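Listed here are the chains, written in short residue letters.
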Amino acid sequence: MQRDNEYFQKINNSSIVQQVIDSITKAIIKRQLKPGDRIPTEMELSSSLGVGRLSIREAIKVLVYYGVLEIRRPEGTFVCKGFSSRMVDPVIYRIILSDDDTSESLKELRLMTEVGAVKLARRKCTPQGREILYQKYQDIISAAFSDPIDVQWMFDADDAFHHAISMMGDNPMIDKINELTRLLTHEIRYQTVKNMLEKGEGQAFIDAHKALYDIICGGSIDNIDEIVEHGYFYDRINLD
């Protein structure tokens with residue numbers, strides 16, 4: 001059957017593989033190709049884009065690795081349905097390998113995503129979600145007063161608390177972004193927990209999470225940015 005490939009335009013010779021990737025990606029973004037659709041064959045793409053089949057093949061390999069496309073033999077190559085964790089790999093590497101001030105950038109990313117997550121959780125809060133978040137808060141209390149000090153327990157409890165907030169938003173796309181942010185800020189968060197417990201500041205850590213819990217359960221959001229940022233305790237971080 002003849003495919004209508006009018007949305008693919010011929011490209012020039014520079015960075016051919018990347019441009020093929022960009023062309024396929026744009027078609028997906030514009031919904032000219034939808035999740036579950038079979039993409040044109042290598043021959044069809046080669047003709048539409050005006051490039052060699054080897055470049056098409058390499059571009060498809062990259063998109064398969066990223067989890068955007070999947071090959072089903074003998075049917076062909078299809079746009080994936082759903083999110084693959086492999087999609088965040090290039091994002092992680094780009095941030096980690098950046099020449100910019102990665103630490104400061106991650107702090108700003110964390111503030112932006114978490115403020116949004118708290119607001120969304122507050123708007124969509126359900127009795128069940130509130131109960132789950134309260135239990136995660138109780139786990140933080142237990143971990144804060146562990147004897148001997150158990151940094152990993154506290155870190156895991158803190159991570160579970162923020163994951164619960166993200167899940168309350170009931171938005172898979174936002175949840176994946178929040179998951180990525182927590183992954184990228186792992187070391188900063190772990191060192192914060194470690195230093196606070198070693199300095200006997202477990203109660204301050206508890207209070208910061210209680211403030212977030214109260215906001216989500218209907219408290220005022222007038223100072224939400226300050227409340228969220230205060231709970232990071234950046235002044236306690238020592239990465240040396």
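Our subject is the structure listed above.
These remarks concern the structure in this document.

## Some thoughts on helix H10 (residues 202–216)
Piece 1. Helix length check: H10, at 15 residues, gives a terminal C-alpha distance of 22 Å against a target of 21 Å (1.5 Å per residue), a fit within 8%.
Piece 2. When H10 is considered as a whole, its buried residues turn out to be Gly202, Phe205, Ile206, Ala208, His209, Leu212, Tyr213, Ile215 and Ile216.
Piece 3. Just beyond H10, the residue with positive phi is Gly218, at close to 120°.

## Some thoughts on the pattern of salt bridges
Piece 1. Under the definition given, this model contains 11 salt bridges.
Piece 2. For Glu198, the salt bridge goes to Lys194, with nearest N and O atoms at 3.0 Å. Residue Glu198 and its partner Lys194 are both found in helix H9 (residues 186–198); the two are separated by four residues, about one turn of the helix.
Piece 3. Here Glu198 falls in the partly exposed class, since its relative accessible area comes to 49%.
Piece 4. Given a relative accessible area of 27%, Lys194 falls into the partly exposed group.
Piece 5. Residues joined by salt bridges that share partners form a network here, namely Asp158, Asp159, Arg182 and Arg189.

## A word on the packing of aromatic side chains
Piece 1. One pass over the structure, following the stated rule, counts six aromatic pairs.
Piece 2. Seen from their ring centres, Tyr134 and Tyr137 are 6.2 Å apart, and the 50° between their planes marks the pair as tilted. Taken together, the positions of Tyr134 and Tyr137, both in helix H6 (residues 127–144) and three residues apart, correspond to about one turn of that helix.
Piece 3. In this structure Tyr137 comes out as buried when scored by relative accessible area, which is 8%.
Piece 4. Taken together, Tyr134, Tyr137 and Tyr213 form an aromatic cluster joined through their ring pairs.
Piece 5. Geometry around Phe78 places Arg72 over its ring, the cationic atom sitting 3.9 Å from the centre.

## Here we look at unusual backbone geometry
Piece 1. In the segment running from Arg73 into Pro74, the intervening peptide bond is cis, with an omega of 5°.
Piece 2. Within the fold, Pro74 resides in the loop between strand E1 (69–72) and strand E2 (76–79).
Piece 3. Following Asp147, the chain continues into Pro148 via a peptide bond in cis, with omega recorded as 5°.
Piece 4. Mapped onto the elements of the fold, Pro148 is located in the loop between H6 and helix H7 (151–168).
Piece 5. For Arg31, which is not glycine, the phi torsion reads 65° and is therefore positive.
Piece 6. Examined against the element boundaries, Arg31 turns out to sit in the loop between helix H1 (16–29) and helix H2 (42–49).

## Quick look at empty space enclosed by the protein
Picture a little ball the size of a water molecule; that probe, rolled over the atoms, points out where space is still empty.
Piece 1. Across all of its chains, the model carries three cavities of 30 Å³ or more by this definition.
Piece 2. Quantified by volume, the largest cavity comes out at close to 140 Å³.
Piece 3. Together, Arg110, Thr113, Glu114, Ala117, His162, Ile165, Ser166, Asn178, Thr181, Arg182, Thr185 and Arg189 line the largest cavity.
Piece 4. Residue assignment for the lining of the largest cavity shows that the elements contributing at least two residues are helix H5 (102–124), H7 and helix H8 (172–184).
Piece 5. In terms of residue count, the dominant contributor to the lining of the largest cavity is H5 (four residues).
Piece 6. Among the residues forming the lining of the largest cavity, the class breakdown is two nonpolar, six polar and four charged.
Piece 7. Its boundaries defined by the atoms lining it, the second largest cavity holds a volume of some 120 Å³.
Piece 8. Forming the boundary of the second largest cavity are 15 residues, of which Arg110, Asp158, His162, Gly231 and Tyr232 lie nearest the centre.
Piece 9. With four residues, the top contributor of residues to the lining of the second largest cavity is H10.

What counts and how
Residues numbered from 1 in each chain as written. Predicted model: local features only at pLDDT ≥ 70, side-chain atom pairs only at ≥ 80, totals over all residues. Heavy atoms only, no water. Helix = DSSP H or I, 4+ residues; strand = E, 2+ residues; numbered from the N terminus. Expected span 1.5 Å × (residues − 1). Buried < 20%, exposed > 50% of the residue type's maximum accessible area, 1.4 Å probe, protein only. Salt bridge = Lys/Arg side-chain N within 4 Å of Asp/Glu carboxyl O. Phe/Tyr/Trp six-rings, centres within 6.5 Å; stacked < 30°, edge-to-face > 60°. Lys NZ or Arg CZ within 6 Å of the ring centre and 35° of its normal. 1 Å grid on protein atoms, 1.4 Å probe; cavity = no way out; pocket = protein on both sides within 12 Å on 5 of 7 lines; lining within 4 Å. Points joined across faces, edges and corners; volume = space filled by probe spheres on them. Nonpolar A, V, L, I, M, F, W, Y, C, P; charged D, E, K, R; others polar.

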